[in-house]
Amino acid sequence: MIVGKRKLCFIEVSDFTNIQGVGNDPIYRRYNSVYAIVKQYIAEDYQSFLAEPEYSESEDCVFWYTEEWGDTEVPVRWEELDDSSITECKAQLNRITTHYREVAASLSGEKRTILEAAIKYINEQFVYVIGDKLILAVWGMQPDEYRHNG
């Protein structure tokens, strides 16, 4: 549990492949490094885009958290949206990911490597809409098409 945040979802690590990393650490275990870069270089409106991972070694799961949301707001998965909402969200997702990629391209060294690893795989299945914000859980990895059931 992460204090001050709410759980969005969880995944079993074995259901994923192409897990990005830095050194010997998978990127989801380097969240503090990712967040430090996001906080320093990413526009404030987009800083909450990446959900915060918490790895459970005993369960080999990653739990994904985001900032608290209001009583009237409920996280909605991308796939549960109606067509007009999906169109709006695609435009918003494109703006956010373009910004992240442009920032990553402007960085160098380990900062660039870390941010590029975090945003290499963006799967719409793990995009949540909370109010007017998009939150991406399960970043930096791909579902294993042979194991992942959604």
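Just above sits the structure.
Residues numbered from 1 in each chain as written. Predicted model: local features only at pLDDT ≥ 70, side-chain atom pairs only at ≥ 80, totals over all residues. Heavy atoms only, no water.

A short note on the packing of aromatic side chains
Then step 1. Within the structure shown, the criterion is met by seven aromatic pairs.
Then step 2. On the numbers, 5.9 Å between centres and 55° between planes, the contact of phenylalanine 16 with phenylalanine 126 is tilted. Note that phenylalanine 16 is positioned in strand 2 (residues 16–17) and phenylalanine 126 in the loop between helix 3 (109–119) and strand 8 (127–130), a separation of 110 residues in sequence.
Then step 3. The class of phenylalanine 16 is buried, set by a relative accessible area of 7%. (Phe/Tyr/Trp six-rings, centres within 6.5 Å; stacked < 30°, edge-to-face > 60°. Helix = DSSP H or I, 4+ residues; strand = E, 2+ residues; numbered from the N terminus. Buried < 20%, exposed > 50% of the residue type's maximum accessible area, 1.4 Å probe, protein only.)

Side note on the sheet that holds strand 7 (residues 76–77)
Then step 1. With antiparallel pairing, the three strands of this open sheet are ordered in space as 7-8-9. Across the chains shown, the open sheet's two edge strands, defined by having one partner strand only, are strand 7 and strand 9 (133–136).
Then step 2. Pairing analysis gives two bridges linking strand 7 to strand 8, with the strands arranged antiparallel. Note on strand 8: the bridge partner recorded for valine 76 is valine 129.
Then step 3. Packing of helix 2 (residues 83–106) onto the sheet brings it into contact with strand 8 and strand 9, and relative to strand 9 it is tilted by some 65°. (Pairing = 2+ DSSP bridges. Contact = heavy atoms within 4.5 Å. Axes fitted to C-alpha atoms, helices over the stretch in contact; angles between N-to-C directions.)

A look at the sheet that holds strand 6 (residues 61–67)
Then step 1. Here we have three strands laid out as an open sheet, ordered 1-6-5, and antiparallel in their pairing. Each edge of the open sheet is held by one strand with a lone partner, namely strand 1 (5–12) and strand 5 (52–56). In this sheet, neighbouring strand axes are inclined to one another by 25° on average, regardless of whether the strands run parallel or antiparallel.
Then step 2. With seven bridges connecting them, strand 1 and strand 6 associate as antiparallel partners. Pairing of cysteine 9 across the sheet is with tryptophan 64, part of strand 6.

Here's the deal with unusual backbone geometry
Then step 1. Non-glycine residue asparagine 18 carries a positive phi angle of around 50°.
Then step 2. Tracing the sequence through the fold places asparagine 18 in the loop between strand 2 and strand 3 (21–22).

Some remarks on the packing of helix 1 (residues 31–41) against helix 3
Then step 1. Direction vectors running N to C along helix 1 and helix 3 enclose 100°, while the axes themselves pass 10 Å from each other. Here helix 3 runs roughly perpendicular to helix 1, going by the angle between their axes. Contacts from Ser33, Val34, Ile37, Val38, Gln40 and Tyr41 of helix 1 reach helix 3 at Lys111, Ile114, Leu115 and Ala118.
Then step 2. Of the residues that constitute the contact of helix 1 with helix 3, the class distribution is seven nonpolar, two polar and one charged. (Parallel < 35°, antiparallel > 145°, perpendicular 65-115°, else oblique. Nonpolar A, V, L, I, M, F, W, Y, C, P; charged D, E, K, R; others polar.)

Observations concerning the pattern of salt bridges
Then step 1. For the coordinates displayed, the defined rule picks out six salt bridges.
Then step 2. Here lysine 5 makes a salt bridge to glutamate 52, at a shortest N to O gap of 2.8 Å. Taken as a pair, lysine 5 in strand 1 and glutamate 52 in strand 5 lie far apart in primary sequence, 47 residues in all.
Then step 3. Under the relative-accessibility criterion, glutamate 52 is labelled buried at 15%.
Then step 4. Put simply, glutamate 79 and arginine 77 hold a salt bridge, and the shortest N to O gap is 3.3 Å. (Salt bridge = Lys/Arg side-chain N within 4 Å of Asp/Glu carboxyl O.)

These results come straight from atomic positions and should not be treated as a statement about function.
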